[in-house]
Protein chains: 2
Amino acid sequence: MEQKVVQPSSLQKAIEQFKLLDEKITHYSSILGLADWDQKVMAPKKGRNVFAKATGTLRTEIFQLSVSPEMGHLLETLTLENHYSQLDQATRAKVREYKRYYQKSKAIPADLFKEYSILTAQANDAWEEARENNDFAGYLPFLEKIIDYKRQFAKIYGYNEHPYDALLDEFEPGLTVKRLDPLFAKLRESSVQLLERIRKNGQPTKVKVFDQSFEIEKQKAFNRFILPLIGFDMQAGRLDETVHPFAQTVNIGDVRLTTRYLEKNVRSALFGTIHEAGHGIYEQHVNPNYEETVLQSGASFGIHESQSRFLENMIGRSREFWHFFCPKLKEYFPEQLKDVTVEEFYRAVNTVQPSLIRVEADELTYNLHIMLRYEIEKALIGGEIEARDLPAIWNQKMMDYLGISPGTDTEGVLQDVHWSFGGIGYFPSYSLGNLYAAQILRAIQKDIPDLYSNIEKGKFKIIQEWLKENIHQYGKLYTPNELIVKVTGEELNADYLIDYLEKKYTEVYCL
Amino acid sequence: MEQKVVQPSSLQKAIEQFKLLDEKITHYSSILGLADWDQKVMAPKKGRNVFAKATGTLRTEIFQLSVSPEMGHLLETLTLENHYSQLDQATRAKVREYKRYYQKSKAIPADLFKEYSILTAQANDAWEEARENNDFAGYLPFLEKIIDYKRQFAKIYGYNEHPYDALLDEFEPGLTVKRLDPLFAKLRESSVQLLERIRKNGQPTKVKVFDQSFEIEKQKAFNRFILPLIGFDMQAGRLDETVHPFAQTVNIGDVRLTTRYLEKNVRSALFGTIHEAGHGIYEQHVNPNYEETVLQSGASFGIHESQSRFLENMIGRSREFWHFFCPKLKEYFPEQLKDVTVEEFYRAVNTVQPSLIRVEADELTYNLHIMLRYEIEKALIGGEIEARDLPAIWNQKMMDYLGISPGTDTEGVLQDVHWSFGGIGYFPSYSLGNLYAAQILRAIQKDIPDLYSNIEKGKFKIIQEWLKENIHQYGKLYTPNELIVKVTGEELNADYLIDYLEKKYTEVYCL
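- Chain A carries the name Metal-dependent carboxypeptidase in an unreviewed UniProt entry, which gives Neobacillus bataviensis as its organism.
- Within the UniProt record for chain A, the comment given under Catalytic activity (unreviewed entry) is "Release of a C-terminal amino acid with broad specificity, except for -Pro."
- Under the heading Function (unreviewed entry), UniProt records this for chain A: "Broad specificity carboxypetidase that releases amino acids sequentially from the C-terminus, including neutral, aromatic, polar and basic residues."

## Some remarks on the overall build of chain A
No. 1: Each helix and strand in chain A was counted, giving 21 helices and three strands.
No. 2: Computed over its C-alpha atoms, the radius of gyration of chain A comes to 23 Å, within 12% of the 24 Å expected for a compact globule of 511 residues.
No. 3: The principal-axis extents of the C-alpha atoms in chain A amount to approximately 80 × 50 × 45 Å.
No. 4: Among the 511 residues that make up chain A, the fraction classed as buried is 60%.
No. 5: Residue pairs at least 24 apart in sequence account for 75% of intrachain contacts in chain A once pairs closer than 6 positions are excluded.
No. 6: For chain A, the computed accessible surface area is about 20,300 Å², with 50% contributed by carbon and sulfur atoms.
No. 7: If you average the places of the 62 positive and of the 73 negative side-chain charges in chain A, the two averages end up 1 Å apart.

## Digging into the UniProt feature "binding site: Zn(2+)" (unreviewed entry) in chain A
Residue and element names in this part refer to chain A.
No. 1: Summarizing the sequence annotation, UniProt attributes the feature "binding site: Zn(2+)" (unreviewed entry) to His275, His279 and Glu305 in the numbering used throughout. Taking the farthest pair of C-alpha atoms as the criterion, the annotated set spanning 31 residues converges on one region, since that pair is 8.8 Å apart.
No. 2: Note that His275 resides in helix α11 (residues 266-284).
No. 3: Overall, the relative accessible area of 9% leaves His275 in the buried class.
No. 4: Mapped onto the elements of the fold, Glu305 is located in helix α12 (residues 301-315).
No. 5: Overall, Glu305 belongs to the buried group, its relative accessible area being 1%.

## Observations regarding the sheet that holds strand β1 (residues 237-241) of chain A
Residue and element names in this part refer to chain A.
No. 1: Judged by pairing direction, the sheet is mixed, and its three strands sit side by side in the order β1-β3-β2 without closing on themselves. Edge positions in the open sheet fall to β1 and β2 (247-251), since each of these has one partner strand only. Neighbouring strand axes in the sheet, compared pairwise and without regard to direction, differ in orientation by 20 degrees on average.
No. 2: Contacts from α11 reach β1, β2 and β3 (254-259) within the one sheet, and its direction differs from that of β3 by about 165 degrees.

## Examining the interface of chain A and chain B
No. 1: Facing 39 residues of chain A, the contacting portion of chain B comprises 39 residues.
No. 2: Where chain A abuts chain B, roughly 3,100 Å² becomes buried across the two surfaces, and 61% of that area is made up of carbon and sulfur atoms.
No. 3: When the area that chain A buries against chain B is broken down by residue, the three leading residues are Ile31, Pro44 and Lys46 of chain A, summing to 17%.
No. 4: Our count for the contact surface shared by chain A and chain B stands at eight salt bridges.
No. 5: Lys53 of chain A serves as the salt-bridge partner of Glu292 of chain B, at 2.9 Å between the closest nitrogen and oxygen.
No. 6: Where chain A touches chain B, the interface holds 22 residue pairs in polar contact (both at pLDDT 80 or more).
No. 7: For the side of chain A that touches chain B, the elements supplying multiple residues, two or more each, are α1 (8-41), α2 (48-66), β1, β2 and β3 of chain A.
No. 8: A per-element tally of the side of chain A that touches chain B places α1 of chain A first, with 11 residues.

## Overview of the packing of aromatic side chains
No. 1: What the rule picks out here adds up to 68 aromatic pairs over all chains.
No. 2: Seen from their ring centres, Phe171 of chain A and Tyr426 of chain A are 5.3 Å apart, and the 40 degrees between their planes marks the pair as tilted. On the criterion of sequence distance, the pair formed by Phe171 of chain A in helix α8 (residues 163-171) and Tyr426 of chain A in the loop between α16 (390-402) and α17 (428-447) is long-range, its members being 255 residues apart.
No. 3: Given a relative accessible area of 8%, Phe171 of chain A falls into the buried group.
No. 4: Consider the rings of Phe214 of chain B and Phe333 of chain B, whose centres lie 4.9 Å apart with planes at 75 degrees: the pair is edge-to-face. In this pair, Phe214 of chain B sits in the loop between α9 (177-201) and α10 (216-229) while Phe333 of chain B sits in the loop between α13 (319-332) and α14 (342-349), placing the two residues 119 residues apart along the sequence.
No. 5: Linked through ring pairs, Phe210, Phe222, Phe225, Phe271, Phe321, Trp322, Phe324, Phe325, Tyr332, Phe345 and Phe460 of chain A together constitute an aromatic cluster.

## Some words on the relation of the copies chain A and chain B
Comparison of the two chain copies shows a relationship of rotation about an axis with a shift along it.
No. 1: The transformation that overlays chain A on chain B combines an axial shift of 0.0 Å with a rotation of 180 degrees, and the residual RMSD is 0.0 Å. Given the turn and translation reported, the copies of this chain are related as if by a two-fold rotation axis.
No. 2: An overlap of 100% is found between the interface residues of chain A and their copies at the interface of chain B, pointing to a shared contact surface.

## Focus on the pattern of salt bridges
All names here are of chain B.
No. 1: For the structure on display, the rule yields 72 salt bridges over all chains.
No. 2: Glu161 is the partner of Lys178 in a salt bridge, and the nearest nitrogen-oxygen pair spans 3.8 Å. Placement of the pair is Lys178 in helix α9 and Glu161 in the loop between α7 (136-157) and α8 (163-171), with a sequence separation of 17 residues. As far as burial versus exposure is concerned, Lys178 and Glu161 are alike and both exposed.
No. 3: When the shortest N-O distance is used, the salt bridge between Glu375 and Lys397 registers 3.0 Å. In this pair, Glu375 is assigned in helix α15 (residues 363-381) and Lys397 in helix α16 (residues 390-402), connecting sequence segments 22 residues apart.

## Points about the packing of α15 of chain B against α16 of chain B
Residues and elements named next belong to chain B.
No. 1: Remark: α15 packs on α16, axes separated minimally by 10 Å, with the N-to-C direction vectors making an angle of 145 degrees. Crossing geometry of α15 relative to α16 is assigned as right-handed. Here Thr365, Leu368, His369, Met371, Leu372, Arg373, Glu375, Ile376 and Leu380 of α15 lie close against α16, whose contacting residues are Leu390, Ile393, Trp394, Lys397, Met398, Tyr401 and Leu402.
No. 2: Across the contact of α15 with α16, the residue classes tally to 11 nonpolar, two polar and three charged.

## Digging into the nonpolar core
No. 1: Counting residues in each nonpolar core, the largest one holds 337 residues, and the members touching the most others are Trp322 and Trp419 of chain A together with Trp322 and Trp419 of chain B.
No. 2: A domain-level breakdown of this core finds at least three residues from each of domain 1 (8-163) and domain 2 (177-508) of chain B.
No. 3: Excluding anything up to four places from it in sequence, Trp419 of chain B contacts Tyr139, Leu143, Ile146, Ile376, Glu377, Leu390, Trp394, Val413, Ile424 and Phe427 of chain B.
No. 4: Ranked by size, the runner-up nonpolar core spans eight residues in total, among them Val41 and Met42 of chain A together with Trp37 and Met42 of chain B.

## Some thoughts on the pairing of strand β3 (residues 254-259) of chain B
Residues and elements named next belong to chain B.
No. 1: Counting buried positions along β3 yields six of six residues, so the element is predominantly enclosed.
No. 2: The alternating pattern of β3 places Asp254, Arg256 and Thr258 and Val255, Leu257 and Thr259 on opposite faces, both of which are buried.
No. 3: Pairing between strand β1 (residues 237-241) and β3: five bridges, direction parallel. In the strand pairing of β3, Arg238 is matched with Arg256.
No. 4: Linking strand β2 (residues 247-251) to β3, which pair antiparallel, is a turn of two residues.

## So, the UniProt feature "active site" (unreviewed entry) in chain A
Residues and elements named next belong to chain A.
No. 1: If you check UniProt for "active site" (unreviewed entry), the listed places come out as Glu276 in our numbering.
No. 2: Here Glu276 is to be found in helix α11.
No. 3: Not counting chain neighbours up to four residues away, the residues in contact with Glu276 comprise Pro245, Phe246, Ala247, Leu257 and Thr258.

## Here's the deal with helix α14 (residues 342-349) of chain A
For an α-helix the count is 3.6 residues per turn, leaving residues at separations of three or four pointing the same way.
All names here are of chain A.
No. 1: Across the eight residues that make up α14, a large majority, six, are buried.
No. 2: Among the residues making up α14, those that are buried are Val342, Phe345, Tyr346, Arg347, Ala348 and Val349.
No. 3: Against α11, α13 (319-332) and α21 (495-508) lie the buried residues of α14.

## Quick word on the sheet that holds β2 of chain B
Sheet strands associate in pairs through backbone hydrogen bonding, adopting either a parallel or an antiparallel arrangement.
Residue and element names in this part refer to chain B.
No. 1: With mixed pairing, three strands are arranged side by side in an open sheet as β1-β3-β2. If you trace the sheet from one side to the other, it starts and ends with β1 and β2, each paired once. Between one strand axis and the next, the sheet turns by 20 degrees as a mean value, whatever way the strands run.

## Some remarks on the side chain of Asn287 of chain A
No. 1: With respect to the helices, strands and loops of the structure, Asn287 of chain A is situated in the loop between α11 and α12.
No. 2: In this structure, Asn287 of chain A is in contact with Ile252 and Gln473 of chain A, ignoring residues within four places of it in sequence.

Cut-offs applied
- Residues numbered from 1 in each chain as written.
- Chains lettered and ligands numbered in written order.
- Predicted model: local features only at pLDDT ≥ 70, side-chain atom pairs only at ≥ 80, totals over all residues.
- Heavy atoms only, no water.
- UniProt positions renumbered as here; feature names shortened; annotations may be inferred.
- Helix = DSSP H or I, 4+ residues; strand = E, 2+ residues; numbered from the N terminus.
- Rg over C-alpha atoms; globule rule 2.2 N^0.38 Å.
- Buried < 20%, exposed > 50% of the residue type's maximum accessible area, 1.4 Å probe, protein only.
- Contact = heavy atoms within 4.5 Å.
- Areas by Shrake-Rupley, 256 points an atom, 1.4 Å probe, with all protein chains shown as cover.
- Lys, Arg positive; Asp, Glu negative; His and termini not counted.
- Charge placed at Lys NZ, Arg CZ, Asp CG, Glu CD.
- Pairing = 2+ DSSP bridges.
- Axes fitted to C-alpha atoms, helices over the stretch in contact; angles between N-to-C directions.
- Buried area = accessible area lost by both parts, 1.4 Å probe.
- Salt bridge = Lys/Arg side-chain N within 4 Å of Asp/Glu carboxyl O.
- Polar contact = N/O pair within 3.5 Å; in protein donor to acceptor, adjacent residues only side chain to side chain.
- Phe/Tyr/Trp six-rings, centres within 6.5 Å; stacked < 30°, edge-to-face > 60°.
- Least-squares fit on C-alpha atoms with pLDDT ≥ 70 in both.
- Left-handed = near helix turned anticlockwise from the far one by under 90°.
- Nonpolar A, V, L, I, M, F, W, Y, C, P; charged D, E, K, R; others polar.
- Core = buried A, V, L, I, M, F, W, Y, C linked by side-chain atoms within 4.5 Å.
- Domains from an automatic or database assignment.

So this is what it looks like as structure tokens:
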């Protein structure tokens, strides 16, 4: 077949059509984002099943637009050599994003996609119920179907070495098992060693302060108090409650966070809120020129997670953060906190303690929770294990890595929402986020040497401005790899996190 | 052109395609319903403008599907004489609904529709702000544009006598100025006379009980307490707060009500909630077989309003209702209500008092508020007056009909949301609702002679079952005229409401 030669005027037309198609897809995605949030946070029970069919219809429409012959033709036209060279940077990035999706997904039949998206919408309810009732068997049929779909998708997407690569790429473009295994191995080895040293030689922290009741209404007020101070714009967002905290963007001016309040665990909502705020601030800071385009959200799941983990841990679990916020927290809970010093409080929020629930894990053991999930997913998609085996495998791995094992599936294999929405390949993003975050911290400290003394004074603006300037504003303009190189001068390197954890815990535990 | 002859197999195919198209349109409408609710109730301020563009895109898609060549062809195929006779009753009703819309709207260019739908989404914010700041001038440019669009639409839709007929038909299919004028004239005449008699000879009610503060948190609790008792299923719905109360259906299992709490006016939320519950229960009771089809909502705006006005007034302002609920309300507000008897309370909630705000008007003067709006709309669409003249005209008509005039536009021309979303032709539905409701009350009392003694015992189930059986379950299966004839044996007749008001106020005011 001859290569089509498109005249400049047709190039202009293709750019214009591509812009409209991108806008339509982004508009629909924005509405779906809101609908997904609503079904988790607001919707009454009886309407959800039928509504899942409605969102399935819209999701299928987005899918069909993204793999349509029109999209194929536009991508082909825009990537002709003499055309591509004339595109501006943003249009090139948009082409890159749609091309990646188009090439992977065009072979998926629309009916298959629709069945899958209805299934995942309904599986969320099934998961919630199963989690509430410790009923893995009730959830199993959904999970089996989802895994079956994901195995099919991996084949259709294609991969070079491991079928799991096909799924990883959805969350972190370009990432493979081959690249991830050594990064994780290095981190695991050093984490296990450090954990061992803490166990043996660590000075115990005074964690008893958290074994008290903290009134939920006051927790709510405190969470609302800190959000704007750390940089989240409440006029461009909300904070609500869900079983499983998350952040959902509707658009740059509407970013919604959720958290979970537990009377017996004040840390849960606190660090959950700070974590989700990290995601939310990222999205609020994207260049408004990218609004209503595919570039309007973060670079990848890993980079996104780096922003939430950075805010939660490197800022939110720093000594200076609590020098500023501990006196304020005491105003809300004078009784509970009357005997604790800032230094004790700081050490207490950095307590290392192998535990059952990932979202409540400390900075060090957190990555071990991720490795467990990563290995399970890899084996599931590789066909080495089946969904029905998961509770036993989960409990065994917990014992191997953390030395504890859950008494119920609710505290074990049922604790995370991700599989219910088909997010297989998602979990590694969390540890990638930690790795990116430590590398970014080093870069910020070069530009702002007094970073932590700003935090101590409650001056978060200078940090958020740096993140906006260097990371947030770009949205999806750069690939994650391009972005980390641009920001830090090198590719992802596990040493920064290993070094950060080593220093932090040596000091916290007086090793 | 020859008439196409379609074989039975193609008829089956057309039915199947029509079903899928209907489902897609209904799914999108369901999502839009949720999005509209969200933007009024939940969405943060900064995201709304851009989100209005997103919903504009989806609204335009629904419009385009509804007037598409595919729809035109399917409607043509299904209405061929030898085909139509083979359709079941529900499919015929669906064809009727889509045909009505198709014939009116197919001449509207998609671009015009899209501009209009973005405008109305943004006008809602402008109206809210104007209302808050008593700033008619700030709202005027939006209102002018909306009226301009509506005049254009009236021309495109077409009409026989009055351009306003084209808009009325959107809310009450088949209704015209010619039919409405005499109904309203008769009602106006009798209302004005009755009002005059009350003014001259009425025994004053003890309305002072309402001149007290009622804690908003307790009001909320009481409103949540009564909703399920009067028949609203809280597992299939929500109750939230907005400036302007409304009911929004997402689907049969997800019907959302809003109300407005005022500390100094306990009646506002109370009767607002009962009113919206009337709408909500209607939608919750629709036959599940009609879910995901165009038939899944009420027969017309007038019939819908009959259900809300029936519950608010004929039930909620009855003596028997307060015999049951007044003791309960006293448990929430023992201080405020300690000196009031049930009889006094009943008379107080039926106080006739010309007032500024439609949604807080009593049953008698309410219709005069509607007539004022009806006359203004008729003249606006007829081109006799312009938007900028409205504050002056409004205030003059208030003086003429009710003998009072608002001090601010917030309490005058800016009080209603309807025009901001393009709902011109909507207001008459409220008085139609009152007319239908009184006629339906008579029919219920034939079947359930002890209707009011059931209410006195708090037995609402028997009434809701009757409404479900005779009205609600049908959704849009029947036209409003077919329905009222089926339920009451005759077409709409103003005498029932006139008679009802006469009897009620003669008794309340001891005339």
